[in-house]
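Examination of the molecular architecture
Each chain is listed here by its residues.
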2 protein chains.
Amino acid sequence: MAKKQKTFRPKPRLPKGMRDIRADEIGAINNMLEKLKETYELYGFEALETPAFEYSDCLGKFLPDQDRPNAGVFSFEEDEDGDWVSLRYDLTAPLARFVAANYDQLPKPFRRYQTGSVWRNEKPGPGRFRQFTQFDADSVGADSVAADAELAMLGADSLENLGLKRGDYQIVMNNRKILDGVLESAGINPSAEENELQRLTVLRAIDKLERLGTEAVRQLLGEGRKDDSGDFTKGAELTPGQIDQIISYLATGSAERGDVLGGLEELVANSEIGREGLKELRDIDELLTAGGFQADRVRFDPTIVRGLDYYTGPVMEAELTFEHKNEDDQLVRFGSLGGGGRYDGLVARFRGAKVPATGFSIGVSRAYAALEALGKLEQAKLNAPVVVLVMDQDQKGRYQAMVQQLRGAGIKSELYLGTSGMRAQLKYADKRAASLVVIEGEDERTKGEITIKDMDEGSELSKEIEDNKEWREAKVAQKTVPHADLVAAVKEMLATNSGVASQKEADKS
Amino acid sequence: MAKKQKTFRPKPRLPKGMRDIRADEIGAINNMLEKLKETYELYGFEALETPAFEYSDCLGKFLPDQDRPNAGVFSFEEDEDGDWVSLRYDLTAPLARFVAANYDQLPKPFRRYQTGSVWRNEKPGPGRFRQFTQFDADSVGADSVAADAELAMLGADSLENLGLKRGDYQIVMNNRKILDGVLESAGINPSAEENELQRLTVLRAIDKLERLGTEAVRQLLGEGRKDDSGDFTKGAELTPGQIDQIISYLATGSAERGDVLGGLEELVANSEIGREGLKELRDIDELLTAGGFQADRVRFDPTIVRGLDYYTGPVMEAELTFEHKNEDDQLVRFGSLGGGGRYDGLVARFRGAKVPATGFSIGVSRAYAALEALGKLEQAKLNAPVVVLVMDQDQKGRYQAMVQQLRGAGIKSELYLGTSGMRAQLKYADKRAASLVVIEGEDERTKGEITIKDMDEGSELSKEIEDNKEWREAKVAQKTVPHADLVAAVKEMLATNSGVASQKEADKS
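Residues numbered from 1 in each chain as written. Chains lettered and ligands numbered in written order. Predicted model: local features only at pLDDT ≥ 70, side-chain atom pairs only at ≥ 80, totals over all residues.

Focus on the interface of chain A and chain B
Listed per partner, the contact involves 85 residues of chain A and 86 residues of chain B. In terms of residues, the side of chain A that touches chain B owes the most to one element, helix α14 (residues 396–408) of chain A, which gives seven residues. Considering only residue class, the side of chain A that touches chain B consists of 37 nonpolar, 20 polar and 28 charged. Judged from the two bridges that link them, strand β2 (residues 46–49) of chain A and strand β1 (residues 21–22) of chain B form a sheet pairing that is antiparallel. Looking at β1 of chain B, one finds that L48 of chain A is bridged to R22 of chain B. (Contact = placed C-beta atoms within 7 Å. Helix = DSSP H or I, 4+ residues; strand = E, 2+ residues; numbered from the N terminus. Nonpolar A, V, L, I, M, F, W, Y, C, P; charged D, E, K, R; others polar. Pairing = 2+ DSSP bridges.)

So this is what it looks like as structure tokens:
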């Protein structure tokens with residue numbers, strides 16, 4: 001042995017920003033996905049699945065954080081041909097590829113929903129992972145803003161179906177065309193190529209309003225701003241008059257949608273694109289009202305711009321309005337857990353001709369965290385098994401037969417598969433959160449009986465009990481019945497038990 | 001415009017070996033996943049999810065087809081640190097990493113199930129994709145072959161829960177230790193390092209028995225074999241006497257498990273590892289019989305060896321026994337749709353100390369294809385929406401309100417979101433397989449009425465009808481009711497409709 005080369009032993013570790021998910025969370029997330037599916041299908045969207053990776057040129061580069069290698073995506077060569085593929089960073093870019101490839105045979109508009117993992121090559125942090133789950137709905141080929149209004153309603157109904165109550169969330173909408181109108185009114189042509197960078201700088205400045213406040217935004221719209229660390233961010237170099245116009249635009253936010261629309265009227269009166277954007281918001285308001293969605297559920301807010309490059313019209317965000325304690329024990333608003341908007345140019349990348357489209361996406365892990373913070377996580381159905389102990393290794397066939405009898409009756413159950421003694425087996429059952437254990441030792445076998453032990457009451461005790469004999473004498477929370485009554489007795493004990501189990505769950509939350 | 005640089009237009013195409021999955025198949029697959037989950041949980045396995053990629057050294061190299069680049073996996077650099085990661089090629093290697101990383105806090109045995117996509121960088125072909133879904137159960141830390149027997153039972157019960165009937169499938173088991181015993185009896189020490197290649201060549205020869213027949217296997221066990229194309233495969237170079245021993249071992253297959261065990265007895269009598277393997281199969285037989293699983297469900301067959309390198313003991317395959325027509329219209333057996341076995345060395349890669357483990361995996365796409373071939377695919381619940389037509393673009397608010405009323409009553413419904421006229425809208429509804437359309441034109445509005453059209457009967461007709469007026473006069477399969485009765489009337493028509501819809505589905509299969 002000493003002569004053998006030292007074996008390489010890899011360290012069992014997760015890649016950066018990745019995580020494993022255990023049974024309880026999987027159960028809760030599956031419940032959430034079912035509810036989202038229910039709402040998305042109620043709205044008439046149909047399911048689609050696309051592969052995990054696509055040709056890199058098909059995905060395009062639309063992520064806001066492009067300083068990272070590969071512009072935030074994970075890319076690799078497909079095979080010896082040297083074509084590059086990338087793991088999808090959202091579900092919208094693959095949809096655009098799918099629609100472009102299958103355009104002629106799809107119903108127009110094409111209304112699809114999709115859920116799945118997406119991957120981003122971003123700096124991981126607390127609660128910020130490199131693989132996460134999105135749940136999207138999109139209408140492709142829908143010119144009318146009725147499609148945008150519907151997604152706002154879908155968003156609101158989805159969050160309520162997940163268990164959020166009215167007042168804990170808001171869908172907040174805006175229209176990038178109105179901002180363009182304000183720019184035009186201020187003397188900047190927003191569609192001129194030479195103004196592209198300036199327009200983007202304005203968008204990014206506005207996106208920082210909530211975090212940095214009005215004064216910082218003023219600086220970012222003007223010469224620029226030095227942050228606390230001394231780093232200087234170059235500004236959009238607007239004139240003081242132009243800055244005032246943007247700032248008064250941002251101040252038109254209000255509780256009622258009609259008031260926001262009224263406040264915007266004058267600001268965009270001289271801009272065609274601005275009037276168009278305002279008309280679209282008016283139409284959306286009308287549809288929302290007709291659909292029964294008041295401003296407590298869907299609000300208008302001029303400060304919402306969204307980070308992704310590809311939006312061309314209405315944009316929206318799903319915001320949680322309640323406060324919760326963050327890692328530093330400070331009360332903060334939970335913030336956004338999804339959003340979307342209109343992207344009329346994304347399919348045109350492939351086809352040339354414009355194909356209007358709009359979408360909405362919920363971040364499932366964010367929604368999970370929000371429901372957890374609210375204590376509203378629906379507990380997954382308890383998956384506690386019944387464990388049949390192996391008291392005598394020679395009698396495994398008998399125990400196996402008992403397990404199959406229980407399974408045949410639809411009772412989740414398992415045979416203890418290790419080789420340890422009684423005490424370790426009870427510890428195992430405890431760690432598995434088993435509801436009951438079934439025991440047939442020699443005594444019972446001779447008498448044609450079995451003993452069923454209630455683990456909820458028994459687990460505490462088991463730690464103190466040293467051996468089989470002592471255990472049997474303690475006879476706490478257990479029942480001995482004829483072997484033939486196994487299934488009936490287990491069913492009865494599980495039925496009386498379920499109250500206790502639910503109670504335990506309730507105490508946790 | 002002419003001066004503008006020609007814009008780059010990517011071709012909307014799928015990466016090689018990838019596919020999109022549409023709503024009907026997604027629905028059917030989700031039903032299958034639910035049923036598999038039900039059986040796996042009934043057996044007391046708990047869910048786990050691991051990320052899509054892992055550090056390459058954690059996954060290891062165990063794929064049979066190692067001639068491809070990256071040994072069959074998709075690999076890339078994680079980020080600027082230069083660590084390599086690989087998309088998982090199965091769900092077993094990530095489980096070994098998870099168990100090694102969390103060993104102390106897990107219950108032992110750790111019984112987990114997992115479903116998800118896996119990726120293989122293999123040559124794609126018809127029905128052979130580079131991304132596919134597996135559904136696995138594994139018991140880690142379970143020394144006893146009761147764990148292997150249980151997985152065979154799980155496999156059989158899972159396939160029946162999916163809708164396969166007894167006789168259409170078999171779980172076929174063997175034990176690699178018995179083959180080692182036969183080798184040992186033939187004078188070849190199977191655990192000696194210098195015999196590793198020879199042993200592997202024997203395994204591969206046996207793996208080809210069903211495809212090539214006994215004579216070819218004889219050649220592959222001896223000098224080697226020239227195939228039809230003239231390519232020569234070097235053989236294991238056994239002596240004629242040794243070859244005879246292997247061939248008579250392979251012939252011990254029989255309908256009854258007891259007969260197989262009897263036939264093997266003499267062949268391994270002189271080998272310790274062989275006797276151990278036989279003892280394990282005897283124990284498995286006893287447990288299967290106790291669990292009520294006869295040889296029509298779980299059979300023993302010495303010719304089963306499995307392709308993956310890491311198996312160390314009992315191995316099993318889920319085989320479909322019925323015949324179906326392949327692409328060339330030939331009747332062929334459907335073959336394997338999953339399998340597994342014991343891999344006592346995989347966690348030891350990380351920890352040094354041996355951690356016994358055994359697993360079973362179902363190929364979900366293979367199972368889908370099998371159910372499809374049998375005409376047993378459970379149709380997904382029909383997701384046909386009710387479409388509210390937009391007869392008058394100015395009245396969208398009214399239509400939107402109707403849609404929300406229907407949704408409020410739990411009826412899948414949508415507003416037509418395009419801008420086309422009546423005829424195109426009816427074609428859209430037809431393409432969406434809509435159950436009903438709801439129509440409120442000016443006539444109806446004036447009278448406070450709506451018209452509901454049954455699309456099942458109406459779709460044929462709509463192709464011939466040119467305009468609104470003609471349509472209205474045809475009045476086929478439609479009903480006009482007071483506006484206030486919208487929800488009630490739709491519900492009633494859907495109820496009488498559902499018989500028709502099911503009928504249509506039944507005709508398809």
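Description of the relation of the copies chain A and chain B
Least-squares fitting of chain A to chain B yields an RMSD of 0.0 Å, with the transformation described by 0.0 Å of translation along the axis and a rotation of 180°. The relationship between the two copies is best expressed as a two-fold rotation axis. Considering only C-alpha atoms, the residue of chain A closest to the rotation axis is F76 of chain A, which sits at 2.8 Å. In this assembly the copies share their binding face: 100% of the residues contributing to the interface of chain A also contribute to that of chain B. (Least-squares fit on C-alpha atoms with pLDDT ≥ 70 in both.)

With respect to the domain arrangement of chain A
Assigned domains of chain A: these are domain 1 (23–188 + 238–373) and domain 2 (386–508). Here domain 1 of chain A and domain 2 of chain A have C-alpha centroids that lie 51 Å from each other. (Domains from an automatic or database assignment.)

Brief notes about the sheet that holds strand β15 (residues 386–388) of chain A
All names here are of chain A. Judged by pairing direction, the sheet is mixed, and its five strands sit side by side in the order β16-β15-β17-β18-β19 without closing on themselves. In this open sheet, the two edge strands, each paired with only one partner strand, are β16 (413–415) and β19 (478–482). Taken pair by pair, the neighbouring strands of this sheet meet at an average axis angle of 20°, ignoring direction. Relative to strand β17 (residues 436–439), β15 runs parallel, the two being bridged by three bridges. Within the sheet, the bridge partner assigned to V388 lies in β17 and is V438. Its contacts with the sheet put α14 on β15, β16 and β17, and the angle it makes with β16 is roughly 170°. (Axes fitted to C-alpha atoms, helices over the stretch in contact; angles between N-to-C directions.)

A closer look at the environment of E54 of chain B
Within the element layout of this structure, E54 of chain B appears in strand β3 (residues 53–55). The spacing of E54 of chain B and E78 of chain B is 24 residues in sequence and 9.6 Å in space, taken between C-alpha atoms. Apart from residues lying up to four places away in sequence, E54 of chain B is in contact with P15 of chain A together with L59, V85, S86, R88, P94 and R97 of chain B.

As for the packing of helix α4 (residues 146–162) of chain A against helix α11 (residues 272–290) of chain A
Residues and elements named next belong to chain A. Where α4 contacts α11, the axes come no closer than 9 Å and their chain directions differ by 45°. Judged by the inter-axis angle, α4 sits oblique to α11. Regarding α4 and α11, the two cross each other, and that crossing is right-handed. Taken together, the residues of α11 that come into contact with α4 (itself represented by A146, D148, A149, A152 and M153) are I284, L287 and L288. Of the residues contributing to the contact of α4 with α11, the split by class is seven nonpolar, no polar and one charged. (Parallel < 35°, antiparallel > 145°, perpendicular 65-115°, else oblique. Left-handed = near helix turned anticlockwise from the far one by under 90°.)

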